[in-house]
Amino acid sequence: MEPALVEAVRSGDRKALARAITLVEGGEPLGEFGDDRSAVVGITGPPGAGKSTLIAVLIEKIREKGETVAVLAVDPSSPLTGGAILGDRIRMQSHIDDHGVFVRSMATRGHLGGLAGASSDAIRLMSVAGFDRLIVETVGVGQSEVEIMDLADPVVLVVGPSWGDEIQAEKAGIVEIADLFVVNKGDRSGAFDVKRALTEAAHANGADILVTTATTGDGVDELLASIEQLTSS
Ligand SMILES: Nc1nc2c(ncn2[C@@H]2O[C@H](COP(=O)(O)OP(=O)(O)OP(=O)(O)O)[C@@H](O)[C@H]2O)c(=O)[nH]1
Ligand SMILES: [Mg+2]
């Protein structure tokens, strides 16, 4: 990649950052540069669990603390959830004029392999751009999402109150790599049953289980506190 573009990204130019991510998405190699990487928080889980809604609340809380945050939402190729790109944009739009927030979707549809590599380069670019916190969202339904989560530490698994039916994500090995479990939609019946059902898996990972309601913000302060604790250790 052009050193001038990388320099512009480093200086905090958001348009340059967006352009650079488009280039790595198109397969352009990023090349070498200083790896001053911030902690990457991975947020994954089955479609519709409320990941984007939770992230929108987290963004608000992070900004209230005066920290900056960049989010990469890696969209699934599944036609079922392909509308997520637009949904994510709309949900996070309230932060669009804030220089301390950068939100980017990366489409997996039609991607010719190397998705984890492109995501990794996009995250490096966001890190170099100087954000205090980096978040990557994936839908935990396939092997490539597990690969992307390899880039993240900690990994937060978000499930809904119907987790019992969501065996795909379990098959994909997401449960094994989660550092924190979140049962979202705490306002719905079943959330506490799911919490109980996850206790063993969480215990095996030494992970906590939180219950949140993203739509009201309930439990999100605790979620951010847990994330901060995991990123500081
Ligand atoms: N009742 C209730 N609905 C919620 C809650 N959190 C999110 N939702 C709703 O659940 C739906 C899916 O939320 P998203 O945030 O798009 O979920 P997601 O996990 O990002 O979905 P994908 O990116 O498509 O996998 C939306 O209609 C949200 O408004 C919650 O805590 N309670
Ligand atoms: Mg989403």
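Residues numbered from 1 in each chain as written. Chains lettered and ligands numbered in written order. Predicted model: local features only at pLDDT ≥ 70, side-chain atom pairs only at ≥ 80, totals over all residues.

## Thoughts on the site of ligand 1
Ligand 1 sits among 18 residues. The nearest are Gly-50, Lys-51, Ser-52, Thr-53 and Ala-214. Counting residues per element, the ones that place at least two in the shell around ligand 1 are α3 (51–64) and α4 (84–92). Broken down by element, the shell around ligand 1 gets its largest block of residues, 3 residues, from α3. Grouping the constituent residues of the shell around ligand 1 by class yields 5 nonpolar, 9 polar and 4 charged. (Near = placed C-beta within 6 Å. Helix = DSSP H or I, 4+ residues; strand = E, 2+ residues; numbered from the N terminus. Nonpolar A, V, L, I, M, F, W, Y, C, P; charged D, E, K, R; others polar.)

## Side note on the nonpolar core
Counting residues in hydrophobic clusters, the biggest one holds 66 residues, and the most contacted among them are Leu-125, Met-126, Val-136 and Val-156. Looking at this core element by element, the count peaks at 7 residues for α3. Setting aside chain neighbours within four positions, we find Leu-125 in contact with Val-9, Leu-17, Ala-20, Ile-21 and Val-24. (Core = buried A, V, L, I, M, F, W, Y, C linked by C-beta atoms within 7 Å. Buried ≥ 20, exposed ≤ 12 C-beta atoms within 10 Å, placed from the backbone. Contact = placed C-beta atoms within 7 Å.)

## What about the sheet that holds strand β1 (residues 40–45)?
Strands sit in the order β3-β2-β4-β1-β5-β6-β7 across an open sheet of 7 strands; the sheet is parallel. What marks the edges here is a single partner per strand, and that holds for β3 (101–106) and β7 (208–211). Taking the axes of each pair of neighbouring strands and ignoring which way they run, one obtains an average angle of 20° across the sheet. Bridging between strand β6 (residues 180–183) and β7 involves 4 bridges; their strand directions are parallel. Looking at β7, one finds that Phe-181 is bridged to Ile-209. Here helix α10 (residues 220–232) sits on the sheet and contacts β1, β5 (155–159), β6 and β7; the angle it forms with β7, its principal contact strand, is near 155°. (Pairing = 2+ DSSP bridges. Axes fitted to C-alpha atoms, helices over the stretch in contact; angles between N-to-C directions.)

## So, the pairing of β1
With 6 of its 6 residues buried, β1 lies for the most part within the structure. Side chains of β1 alternate between two faces, with Val-40, Gly-42 and Thr-44 and Val-41, Ile-43 and Gly-45 buried alike. Pairing of β1 with strand β4 (residues 133–139) involves 6 bridges; the strand directions are parallel. Counted as the bridge partner of Val-41 is Ile-135 from β4. Bridge analysis of β1 against β5 gives 3 bridges, and the strand direction is parallel. Across the sheet, Gly-42 pairs through a bridge with Val-155, a residue of β5.

## Notes on the packing of α3 against α10
One can describe the packing of α3 onto α10 by two numbers: an axis separation of 10 Å at closest approach and a directional angle of 75°. Classified by the interaxial angle, the pair formed by α3 and α10 is roughly perpendicular. Between α3, through Leu-54, Val-57, Leu-58 and Lys-61, and α10, the contact on the second element is made entirely by Val-220, Asp-221 and Leu-224. Taken together, the residues that form the contact of α3 with α10 break down as 5 nonpolar, no polar and 2 charged. (Parallel < 35°, antiparallel > 145°, perpendicular 65-115°, else oblique.)

## Comments concerning α3
The terminal C-alpha atoms of α3 lie 20 Å apart, and with 14 residues this matches the ideal 20 Å at 1.5 Å per residue to within 8%. Counting buried positions over the 14 residues of α3 gives 10, a clear majority of the element. What α3 keeps buried is the set Lys-51, Ser-52, Thr-53, Leu-54, Ile-55, Ala-56, Val-57, Leu-58, Ile-59 and Ile-62. Immediately downstream of α3, the backbone of Gly-66 shows phi near 80°, a positive value. (Expected span 1.5 Å × (residues − 1).)

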